Amino acid sequence: MPDAGPGRVAARLAELGLTLPAAAAPLAAYVPAVRSGAHVWTSGQLPFVDGALPVTGKVGTDVDQATATAQARTAALNALAAVGALLAAEAAAHGGGPVDPAAALDRVRRVVKVVGFVASDPAFTAQPAVVNGASLLLHDVLGDAGVHARSAVGVTVLPMDSPVEIEIVVETD
Amino acid sequence: MPDAGPGRVAARLAELGLTLPAAAAPLAAYVPAVRSGAHVWTSGQLPFVDGALPVTGKVGTDVDQATATAQARTAALNALAAVGALLAAEAAAHGGGPVDPAAALDRVRRVVKVVGFVASDPAFTAQPAVVNGASLLLHDVLGDAGVHARSAVGVTVLPMDSPVEIEIVVETD
Amino acid sequence: MPDAGPGRVAARLAELGLTLPAAAAPLAAYVPAVRSGAHVWTSGQLPFVDGALPVTGKVGTDVDQATATAQARTAALNALAAVGALLAAEAAAHGGGPVDPAAALDRVRRVVKVVGFVASDPAFTAQPAVVNGASLLLHDVLGDAGVHARSAVGVTVLPMDSPVEIEIVVETD
């Protein structure tokens, strides 16, 4: 992918056959993403597709590793959608009319941190492989700017019995 | 609540019938809150009241959802107390004598991120509803400045068998 | 320990009989540490020694509290190694030839936040005592600059069945 130039993220998403979803509505009294200084922090993202979780349960028993990895990829795409929606709203607020969230992602300078929570059977220990679904999506879409520090953790249960939850912090121009 | 003006947070706390507790002493070799640049990061806060946990156990079995939600509200109040104590100490260090921690919270420009850990039975999946106790407290006390990005996660067990733990990052003036 | 002066962290490590390990290779598509502005964020660090985990399993059943505390200390040393390697690479990139990672840690102005995940039996509630192994290591090596905000959480399972995982955020000069 080109390292610079307007529209590079939108072009890369298209090349990958990905569509940035509408940012998920929060489940409660909070928002999908907040800017503070040069950073955007997202809420923990579940792998919603069209408002529903395609898969639920614990990884290692109800959900196999490959399926969970794909779900982590979806959750990371939703995290990018949350960032893109915020950046698009900022651009619109500064004039110039509506902005496409995918185009607004050109402003992401670096994904700083990813935390991946995996709802795990106590015997399942491949959380890094699962969260890698998120890491590779970020690299696929953003190139070098998508390379991040990361924690992968196995938890008891996630909201709505989701198998994975992904939160990210990004630095923007 | 008024969006600006000195004493607005203290007035809002009084209106809500809330008293900012003394910041909890850390359980080990760390501090309740640290400033770095424009941000204050808190330690994970348990729902201590007068130095004790009113409720212990796992949510979904030992502790019901409504009780856990109230505990998350208490933990968030303790997080604000940790921030207020640090801001008050900073104000005192810059001269002018003692400062009330509630009054010092006027400097909070935005709650950036909340992470809520809920000690959960594996079948309990309403972590967002529980952590909403924290989210609503922050909005009740701080208004728009209290709206944040958030992650809610169900974990095996928390320190001292607490049902919830809340950590926050805030941006200040 | 001296509060200032070049080489103070390397001297302190030697005094403690500690050697900064080579930064662990990431298990997947991410890096051990990322700089953003004045901060360095690490990936979650496991207590690897020479590329292997000396102890695996859940704390409270497979692993006792004292052993887990020692493992948290090792994971924190690995987190410092990740920070030191990044700072050394930055120094080398700015000219002047190779830099020792321990010497590069002189640039750490403050450890801002530590999150300690402890793979726990549901009945084990002394996560703060375990994570204290990490907190004390940071204080031992960095003095006042090592005092941080902290969360300690008990999770179901960690990567490779590690008993602990430690992530840190530091502010640098």
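Every value quoted in this text rests on a predicted model; they were computed, and no experiment measured them.

**Student:** Quick rundown of the sheet that holds strand β2 (residues 39-42) of chain B? Include the residues and the values.
**Tutor:** All names here are of chain B. Judged by pairing direction, the sheet is mixed, and its five strands sit side by side in the order β1-β2-β5-β3-β4 without closing on themselves. Here the strands that pair on one side only, and so sit at the sheet edges, are β1 (33-36) and β4 (149-155). Ignoring strand direction, the axes of neighbouring strands in this sheet form an average angle of 15°. The sheet contact formed by strand β3 (residues 108-119) and strand β5 (residues 164-172) spans nine bridges and is antiparallel.

**Student:** Please set out the packing of aromatic side chains residue by residue, giving values where relevant.
**Tutor:** Within the structure shown, the criterion is met by three aromatic pairs over all chains. Members of the aromatic cluster, each reached through a chain of ring pairs, are Trp41(A), Trp41(B) and Trp41(C).

**Student:** Please provide a residue-by-residue account of the interface of chain A and chain C, values included.
**Tutor:** Contact residues are listed per partner, giving 29 residues for chain A and 25 residues for chain C. Interface area for chain A against chain C, summed over the two sides, is near 2000 Å², with a carbon-plus-sulfur share of 62%. Put simply, chain A and chain C have one salt bridge between them. Across the pair Lys113(A) and Glu167(C) runs a salt bridge whose closest N-O atoms are separated by 2.6 Å. Where chain A meets chain C, there are 14 residue pairs in polar contact (both at pLDDT 80 or more). Looking at the side of chain A that touches chain C, the elements that each hand over two or more residues are β2 (39-42), β3 (108-119), α4 (127-142), β4 (149-155) and β5 (164-172) of chain A.

**Student:** An account of empty space enclosed by the protein is needed here, citing residue identities and associated values.
**Tutor:** Per the counting criterion, the structure on display carries four cavities of 30 Å³ or more. Here the largest cavity is characterised by a volume of approximately 300 Å³. Around the largest cavity, the lining is made up of 24 residues, and of these Val115(A), Glu167(A), Val115(B), Glu167(B) and Glu167(C) lie nearest the centre. Contributions of two or more residues to the lining of the largest cavity are made by β2, β3 and β5 of chain A, β3 and β5 of chain B together with β3 (108-119) and β5 (164-172) of chain C. Among the residues making up the lining of the largest cavity, the classes are represented as 17 nonpolar, one polar and six charged.

Criteria and thresholds
- Residues numbered from 1 in each chain as written.
- Chains lettered and ligands numbered in written order.
- Predicted model: local features only at pLDDT ≥ 70, side-chain atom pairs only at ≥ 80, totals over all residues.
- Heavy atoms only, no water.
- Pairing = 2+ DSSP bridges.
- Helix = DSSP H or I, 4+ residues; strand = E, 2+ residues; numbered from the N terminus.
- Axes fitted to C-alpha atoms, helices over the stretch in contact; angles between N-to-C directions.
- Phe/Tyr/Trp six-rings, centres within 6.5 Å; stacked < 30°, edge-to-face > 60°.
- Contact = heavy atoms within 4.5 Å.
- Buried area = accessible area lost by both parts, 1.4 Å probe.
- Salt bridge = Lys/Arg side-chain N within 4 Å of Asp/Glu carboxyl O.
- Polar contact = N/O pair within 3.5 Å; in protein donor to acceptor, adjacent residues only side chain to side chain.
- 1 Å grid on protein atoms, 1.4 Å probe; cavity = no way out; pocket = protein on both sides within 12 Å on 5 of 7 lines; lining within 4 Å.
- Points joined across faces, edges and corners; volume = space filled by probe spheres on them.
- Nonpolar A, V, L, I, M, F, W, Y, C, P; charged D, E, K, R; others polar.

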